[in-house]
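Given next are the chains, with one letter for each unit.
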Amino acid sequence: MAQFLLETVWLVPCYALIGGLLAIPWSPGIIRRTGPRPAGYVNLIMTFLALVHSALALQVSWNQAPQEIFIPWLSTAGLNLTLSLEISSVNIGAMVIVTGLNWLAQIFAIGYMEMDWGWGRFYSLLGLFEGGLCALALCNNLFFSYVILEVLTLGTYLLVGLWFSQPLVVTGARDAFLTKRVGDLFLLMGVLGLWTLSGTWNYTDLAQWAANPEVDPTVITLVGLALVAGPMGKCAQFPLHLWLDEAMEGPVPSTILRNSVVVASGAWVLIKLQPVLTLSPVVSSFIVAIGVVTAVGASLIAIAQIDVKRCLSYSVSAYMGLVFIAVGVQQDETALLLVLTHALASALLVMSTGGIVWNSITQDVTQLGGLWTRRPISGLAFIVGTFGLIGFPPLGSFWALLKLADGLWQTSPWLVVVVIAVNLLTSVSLTREFGLIFGGKAKPMSERSPEVHWPMVLPMMILFGFVLHLPLVLESLSLLPNWATLNKDVALLLIGSSIVGCSISGVIYLGNIPKPVRLPWQGLQNLLAYDFYTPKLYRMTVIFSVAQLSKFADMIDRFVVDGIVNFVGLFSLLGGEGLKYSNNGQTQFYAFTVLMAVGILGAWVTWPFWGVNFLSLIY
């Protein structure tokens, strides 16, 4: 039975897609007598089946060699498109994380969207997300990975725009979609360019080709930069990071997936392409540079935010920046461990703050406070999520960050400083958010904010236990680094940065210091609060350029294209009016007119040859 589940594990994405299709009749109200709730229950059952199937298959696949399945799709004009699936413990483990978090998010959504009119459509889109992410985990082909990423981009647009009657939601969905499309466009260029160089899109074949390539360094650098642009957008890296902030307009249950596994989809493709990207030192350096800028910049921006969701969204971008650093220095296993630990801790943080968004009047953290006595379960979940995301032993991210910093200690010490600084700033940011929400005395906006009901508490407590026990799970699977061989100095620096960051922020935001706390220089405060003025830079550069180009194209269309068409129409009209008055019924006159017109036309066409013949007669 177990072997059969392993052989059919490629069917796991189909569970979610079937659930999403079955939920469609409740979306536009075709089925009205039962209400929309059955759509959610159908998806819950299908996701649970996918979770069980993938979890049982993971046990069988552990320590076994990867298997590959080929599904022919299209063969024409020398182009052979075959869907290649790789069944390995890493891929199946990724599906376990995706299906598990989606199942918990769906349970959370039962409480969060209890009276929402878009219930059926929401669960259908969650099924699309789960199916796409599971298919991406199994896919071993770059072209089909690109197609799946495009489907996920569409799913992001539809989920963010779920409440399309609100103008801010429509704007957020549009901006998120267009920002990700920029990276997708460059990714498509890289996908097509890589085909011309290697002749394959299969990740396994690409790794073999990259071992002994014969390619121009400039060409592979340009192709590599294009391939990196797509994951930059998916992972919300600078300057394509604004979409994640705009996507916060969507429902919180979808944010659970978006902040944990959807942003990691780009990192997954980046890790798969790592053998190709290392062919160019410029590309590797570019990946590290983007990771450093985003990790440090997003960590600083998160400290100055006052919206509950925005504080967490920039922390996600910062952590994905660390993943980019790991990929850039060729630490693929560390990058996967970072993605795993971040997914669980980030999802727990979103759940703990999602209940606050659900039954509080405001999302402004400066107007909240005193919720510890009213919401102790959410407060404990936030604490564990914070410790699971920073370098706090013995939870998961401590081991991931320690492995990353230990690998950089000898080769790139300055990157160790970056990792320590990002960990310090993340500790300050998350402790600040905890202090403003749960610490102090209750304010008018938070006096009536009780703990959420059980459909939202249950998945939170399940994930709470997983985050706490993740080190034990990793240890049982021999995935944790060996403490005896690790650099103790790096470990002490990580622990020290976590303690210092939490202590400084705790003294400020859990003490009697007046809030909100502002930086001494207002210019620096505004620089961080307004995202380094990135939206303004977009308006001054990209948006302005596109607007001027659109105006120029409109002018060409109106005065040149329309002018030519209008001139031809006017000439035809005037010619017709003139011919109307020459209508005398005489056939010979009509024939003479036609012959004269044909003669004039022939003379005009052959005029260049007349001059040549005349000169030849003279000479």
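The structure presented is a predicted model; accordingly, all values stated were derived computationally and were not measured.

Visitor: Could you give me a rundown of the overall build of the protein, with the residues and numbers involved?
Guide: In terms of helices and strands, the protein carries 24 helices and 2 strands. A principal-axis box enclosing the C-alpha atoms of the protein has dimensions of 105 × 60 × 60 Å. Relative to its full complement of 619 residues, the protein shows a buried share of 50%. For the protein, the share of sequence-separated contacts (at least 6 apart) that also reach a separation of at least 24 residues comes to 80%. When the accessible area of the protein is evaluated, it comes to approximately 28600 Å², of which 71% is carbon and sulfur surface. Here the protein contributes 27 positively and 30 negatively charged side chains, and the mean placements of these two sets differ by 13 Å.

Visitor: Provide a residue-level description of the packing of aromatic side chains, including the pertinent values.
Guide: Within the structure shown, the criterion is met by 14 aromatic pairs. Ring geometry for W195 against W201: centres 4.6 Å apart, planes inclined by 40°, an arrangement best described as tilted. Owing to a relative accessible area of 25%, W195 belongs among the partly exposed residues under this scheme. Classification of W201 by relative accessible area gives buried; the value is 6%. Put simply, the rings of F143, F144, W195 and W201 touch in pairs and so form one group of aromatic residues.

Visitor: Describe in detail unusual backbone geometry, supporting the description with residues and values.
Guide: Residues F238 and P239 are joined by a peptide bond in cis, for which omega reads 0°. Note on placement: P239 falls in the loop between α9 (217–234) and α10 (242–246). Cis geometry marks the peptide bond from P393 to P394; its omega dihedral reads 5°. Tracing the sequence through the fold places P394 in the loop between α17 (376–389) and α18 (396–408). Here the phi dihedral of A236 falls at roughly 55°; this positive angle occurs in a residue that is not glycine.

Visitor: So what about the pattern of salt bridges? Which residues, and what values?
Guide: By the definition in use, this model includes 3 salt bridges. The salt bridge involving E86 is made with K272; its shortest N-O contact spans 3.2 Å. Of this pair, E86 sits in strand β2 (residues 79–87) while K272 sits in helix α12 (residues 264–272); the two residues are 186 residues apart in sequence, bridging distant segments of the chain. Of the charged contacts, one joins E333 and K403 as a salt bridge, the two residues approaching to 3.6 Å between their closest N and O atoms. One end of the pair, E333, is in helix α16 (residues 332–359); the other, K403, is in helix α18, with 70 residues separating them in the sequence. You can call K403 partly exposed: its relative accessible area is 23%.

Visitor: Break down the UniProt feature "domain: NADH:quinone oxidoreductase/Mrp antiporter transmembrane" (unreviewed entry) in the protein for me, with residues and values.
Guide: Here the UniProt feature "domain: NADH:quinone oxidoreductase/Mrp antiporter transmembrane" (unreviewed entry) sits at residues 140–420. With 76% helix and 0% strand, residues 140–420 has end C-alpha atoms that lie 35 Å from one another.

Visitor: Can you tell me about a nonpolar patch on the surface, naming the residues and giving the values?
Guide: Taken together, the side chains of L549, F552, M555, I556, F559, V560, V561, I564, V565, F567 and V568 present a nonpolar region at the surface, about 1100 Å² in accessible area. Position of I564 relative to the elements: it lies in helix α23 (residues 534–581). I564 sits in the exposed class, given a relative accessible area of 53%.

Visitor: Before we move on, can you summarise the confidence of the model for the protein with the specific residues and values?
Guide: Residues at a pLDDT of 70 or more form 93% of the protein, whose mean pLDDT is 82. Per-element averaging of pLDDT across the protein places helix α24 (residues 587–618) at the bottom with 67 and α17 at the top with 90.

Visitor: Report on the nonpolar core, specifying residues and quantitative values.
Guide: Membership of the largest hydrophobic core comes to 161 residues, with the highest contact counts inside it found for L142, L227 and L463. Residue contributions to this core peak at 14 residues, all from α16. Every residue in contact with L227, bar those within four places of it in the chain, is listed here: L142, L187, G190, V191, L194, L273 and L277.

Visitor: How would you sum up the packing of α18 against helix α19 (residues 413–438)? Please name residues and give values.
Guide: Relative orientation of the contacting elements α18 and α19 amounts to 155°, with a least axis distance of 8 Å. What the angle tells us is that α18 and α19 run roughly antiparallel. The handedness of the crossing between α18 and α19 comes out as left-handed. Taken together, the residues of α19 that come into contact with α18 (itself represented by L401, L404, A405 and L408) are P413, L415, V416, V419 and N423. Of the residues assigned to the contact of α18 with α19, the class counts are 8 nonpolar, 1 polar and no charged.

Visitor: So what about the environment of L162? Which residues, and what values?
Guide: If you trace the backbone, L162 turns up in the loop between α6 (142–160) and α7 (167–198). Along the primary structure L162 and M248 are separated by 86 residues, whereas in three dimensions their C-alpha atoms are 12 Å apart. Residues in contact with L162, not counting those within four places in the same chain, are M113, W117, G118, R121, F122, V169 and P251.

Visitor: Report on the side chain of T255, specifying residues and quantitative values.
Guide: Tracing the backbone through its elements, the reader meets T255 in helix α11 (residues 252–262). Judged by its relative accessible area of 3%, T255 falls in the buried class.

Reading the values: the criteria
- Residues numbered from 1 in each chain as written.
- Predicted model: local features only at pLDDT ≥ 70, side-chain atom pairs only at ≥ 80, totals over all residues.
- Heavy atoms only, no water.
- Helix = DSSP H or I, 4+ residues; strand = E, 2+ residues; numbered from the N terminus.
- Buried < 20%, exposed > 50% of the residue type's maximum accessible area, 1.4 Å probe, protein only.
- Contact = heavy atoms within 4.5 Å.
- Areas by Shrake-Rupley, 256 points an atom, 1.4 Å probe, with all protein chains shown as cover.
- Lys, Arg positive; Asp, Glu negative; His and termini not counted.
- Charge placed at Lys NZ, Arg CZ, Asp CG, Glu CD.
- Phe/Tyr/Trp six-rings, centres within 6.5 Å; stacked < 30°, edge-to-face > 60°.
- Salt bridge = Lys/Arg side-chain N within 4 Å of Asp/Glu carboxyl O.
- UniProt positions renumbered as here; feature names shortened; annotations may be inferred.
- Patch = residues over 30% accessible without salt bridge, like charges linked within 9 Å, V, L, I, M, F, W, Y side chains within 5 Å.
- pLDDT = per-residue confidence, 0-100.
- Core = buried A, V, L, I, M, F, W, Y, C linked by side-chain atoms within 4.5 Å.
- Axes fitted to C-alpha atoms, helices over the stretch in contact; angles between N-to-C directions.
- Parallel < 35°, antiparallel > 145°, perpendicular 65-115°, else oblique.
- Left-handed = near helix turned anticlockwise from the far one by under 90°.
- Nonpolar A, V, L, I, M, F, W, Y, C, P; charged D, E, K, R; others polar.

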